[in-house]
Every structure is written in structure tokens, then in C-alpha cells.
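The residues making up each chain are set out below.
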Amino acid sequence: MLTVTDNARTAVEGLAQENQVPAEGGLRIAEAAGQPGNFELALVQAPEAEDQVVAQSDTTHVFVDQAASAALDELTLDIQPDAEGPGFVLVQAQ
């Protein structure tokens, strides 16, 4: 199962609050349409019916699309600072 670092969880919570995402919503990771191995991240109001919840707090969640869960199984969602601010990255779980 995809793991989420504390830094990434904090970043998701901040983005969700800034964008007024309800408590049952959060960040959803899904395989990009027609692009196996590429993933899209989006803030959503609620998960899709078959999404897997991989991280949650009182204020937000991280969901993984069922089709993407196998590909993300041994990865970790983290953040990486860059010139424009932090960005999400998927890295090998340690």
C-alpha cells in the first residue's frame, strides 16, 4: 500500500484547507487516462466508490484509484521543495 510521509500529509492538509475541501475530501491519486505509469493528483470533494484510503486525518485524506493501487503499492508520497515551492513526488518506500 502507498505510504504517505508526515510532510506530504501536512502539505495535503494545507492545500485542502486553502481550497475549502470538506473533511471527507482530500487528495486523489489516479492513473492518467491512456498513460500507464503516469499519475494525476487532484483535490476532490469525496473519494470514488472503489478508491483506497491510504492516509487520513481529521481534516483530509489521501485516496488512491483502484487501477493505480498496484503500481503505487511499494511507493511513498513525499514532498520535494523546488523554486516554485514544494511539489509532490513518489519515491521507493524505505
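The name an unreviewed UniProt entry gives the protein chain is Fe-S cluster assembly protein HesB, with Myceligenerans pegani as the organism.

1. Side note on the overall build of the protein chain
A tally of helices and strands in the protein chain yields two helices and seven strands. From first element to last, N terminus to C terminus, the protein chain shows the α and β order β-α-β-β-β-β-α-β-β. Since a compact globule built from 94 residues should have a radius of gyration of about 12 Å, the 12 Å found for the protein chain is in line with a globular shape. Across its three principal axes, the protein chain shows a C-alpha extent of roughly 35 × 30 × 25 Å. Taking all 94 residues of the protein chain together, 32% fall into the buried category.

2. A closer look at the nonpolar core
Membership of the largest hydrophobic core comes to 14 residues, with the highest contact counts inside it found for L2, V4, V62, L72 and L77. At the level of elements, α1 (6–18), β2 (26–31), β4 (52–56), β5 (61–64), α2 (66–72) and β6 (75–82) are the ones that each hand at least two residues to this core. Discounting residues that sit within four places of it in the chain, L72 has contacts with M1, L2, I29, F39, V64 and L90.

3. Focus: the sheet that holds β5
Two strands in a sheet stick together by hydrogen bonds in their backbones, pointing the same way (parallel) or opposite ways (antiparallel). Within the open sheet, the four strands sit side by side as β3-β2-β5-β4. Their pairing is mixed. A strand with exactly one partner marks an edge of an open sheet, and here the two such strands are β3 (39–44) and β4. Taken pair by pair, the neighbouring strands of this sheet meet at an average axis angle of 20 degrees, ignoring direction. As paired elements, β2 and β5 share four bridges and run parallel to each other. If you follow I29 over to β5, its bridge partner there is V64.

4. Points about unusual backbone geometry
The phi angle at Q20 is positive, at roughly 55 degrees, despite the residue not being glycine. Among the structural elements, Q20 can be located in the loop between α1 and β2.

5. Brief notes about the pattern of salt bridges
Here the structure, examined in full by the defined rule, presents three salt bridges. Salt-bridge contacts for R9 lead to D6; the nearest nitrogen and oxygen are separated by 3.1 Å. Of this pair, R9 and D6 both sit in helix α1, three residues apart, which is roughly one turn of that helix. Overall, R9 belongs to the partly exposed group, its relative accessible area being 24%. In this structure, the salt-bridge partner of D51 is R28, at a minimum N-O distance of 2.6 Å. Remark: R28 occurs in strand β2 and D51 occurs in the loop between β3 and β4; sequence separation between them is 23 residues. The buried category is assigned to R28, whose relative accessible area is 16%.

Thresholds applied
Residues numbered from 1 in each chain as written. Predicted model: local features only at pLDDT ≥ 70, side-chain atom pairs only at ≥ 80, totals over all residues. Heavy atoms only, no water. Helix = DSSP H or I, 4+ residues; strand = E, 2+ residues; numbered from the N terminus. Rg over C-alpha atoms; globule rule 2.2 N^0.38 Å. Buried < 20%, exposed > 50% of the residue type's maximum accessible area, 1.4 Å probe, protein only. Core = buried A, V, L, I, M, F, W, Y, C linked by side-chain atoms within 4.5 Å. Contact = heavy atoms within 4.5 Å. Pairing = 2+ DSSP bridges. Axes fitted to C-alpha atoms, helices over the stretch in contact; angles between N-to-C directions. Salt bridge = Lys/Arg side-chain N within 4 Å of Asp/Glu carboxyl O.

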